[in-house]
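Chain and residue survey
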Amino acid sequence: MMTELERIEKEASTCVKCKLSRARTQVVFGVGNPHARLLFIGEAPGFYEDQQGEPFVGAAGKLLDRTINDVLGLSRKDVYITNVVKCRPPNNRDPEPDEIEACHPYLQKQLELISPVIVCALGNFATRAILGKAVNISRIRGKSIEKNNYLVVPTYHPAAILRNGNLIDSFQGDFKLMKKLLLEDRKPEKVSEQPTLF
Ligand code: SF4
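Residues numbered from 1 in each chain as written. Predicted model: local features only at pLDDT ≥ 70, side-chain atom pairs only at ≥ 80, totals over all residues. Heavy atoms only, no water.

Some remarks on the side chain of N83
Condition: Only DSSP runs of H or I reaching four residues or more are called helices, and only runs of E reaching two or more are called strands; each is numbered from the N terminus. Counted as a polar contact is a pair of N or O atoms within 3.5 Å, where, for protein atoms, one must be capable of donating a hydrogen and the other of accepting one, and residues adjacent in sequence contribute only when both atoms are in side chains. Whether two residues are in contact is decided by their heavy atoms: any pair within 4.5 Å suffices.
Residue placement: N83 occurs in strand β3 (residues 80–83). Engagement of the side chain of N83 in a polar contact is seen with the backbone nitrogen of E43, the distance being 3.1 Å. Within the structure, the side chain of N83 is placed 3.4 Å from the backbone nitrogen of A44, a separation counted as a polar contact. If sequence neighbours within four positions are ignored, N83 has contacts with I41, G42, E43, A44, P45, P55, F56 and L107.

Rendered as structure tokens:
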């Protein structure tokens, strides 16, 4: 039987709620573990994502995968990865406010159904979408912010690391913070168990 998340994904696959529907190849809803404790939000699908129907499959995605693996010891199958908007903006332009607003209910549903412990917001657009206010990622990163039932950890978008290698230490530092937070998220009855990430 179809889960609620699968039902929403099917519904989104034919979505025409904003103008991004006109130029896309396909909707890129999200990928990974539907019970993930860690959920990543990027900005929007790019060329390869639009072609393959999966978020973060280009160079930025490879960097994200590598960091998930090296710092957290996890793979993309263990976490959940999605974007603020689910369709590729033409020529990789920034998503526009009306598009972000039209797509937001899908992100809200993903958060509600997956119910992660940590939401990692990759870049300004994701952080703004999740915190509901304009932010400067370099000022706000490096800490966790409580929001609803989860902790938001804002960090740079991996594409920013590809453009400026000096940011890699901060980026990895934010992943170390997430690892610490995941290990600390222990239910009282489980404190005697060996800490595990998943
Ligand atoms: S970006 Fe979101 S709201 Fe716009 S058409 Fe795609 S799925 Fe629908």
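Picking up after the structure, the text goes on.
Let's talk about the site of the ligand
Going by this rule: The rule for a residue being near a molecule or strand is that one of its heavy atoms must lie within 4 Å of it. Using only the protein atoms, space was sampled on a 1 Å grid; points where a 1.4 Å probe fits but cannot get out form cavities, open sets with protein on both sides within 12 Å along at least five of seven lines form pockets, and lining residues are those with an atom within 4 Å of a point. Cavities and pockets are treated as containing a molecule whenever more than half of the molecule's atoms lie within 2 Å of their grid points. Residue polarity follows a fixed list, in which Ala, Val, Leu, Ile, Met, Phe, Trp, Tyr, Cys and Pro are nonpolar, Asp, Glu, Lys and Arg are charged, and the others, Gly among them, are polar.
Residues in close proximity to the ligand include C15, K17, C18, L20, S21, R24, K86, C87, A102, C103 and Y106, which together make up its full environment. Judged by the fraction of its atoms near the pocket grid, the ligand is located in the largest cavity. Partitioning the shell around the ligand into residue classes produces 7 nonpolar, 1 polar and 3 charged.

Comments concerning the nonpolar core
What counts is decided by this rule: For our purposes a nonpolar core is just a set of buried Ala, Val, Leu, Ile, Met, Phe, Trp, Tyr and Cys residues, chained together by side-chain atoms within 4.5 Å. Burial classes follow relative accessibility: with a 1.4 Å probe on protein chains only, a residue under 20% of its type's maximum area counts as buried, one over 50% as exposed, and anything between as partly exposed.
Residues L38, F40, I130 and F175 are the most contacted members of the largest nonpolar core, which totals 60 residues. It is helix α4 (residues 97–114) that provides the largest number of residues to this core, a total of 7 residues. Excluding residues within four positions of it along the chain, I130 makes contact with I41, L111, V119, A121, K147, Y150 and V152.

Section: α4
Counting along an α-helix, one turn takes 3.6 residues, and residues three or four places apart therefore face a common direction. Heads up, the condition is: Every helix has an expected span of 1.5 Å times one less than the residues it contains.
With 18 residues, α4 extends 25 Å from end C-alpha to end C-alpha; this agrees with the ideal 26 Å at 1.5 Å per step. Every buried residue belonging to α4 is among E99, I100, A102, C103, Y106, L107, Q110, L111 and I114, and all of these are buried. Contacts made by the buried residues of α4 are with α1 (4–12), β2 (38–42), β3, β4 (118–122), α5 (124–131) and β6 (150–155). Just downstream of α4 lies S115, where phi reads positive at about 50 degrees.

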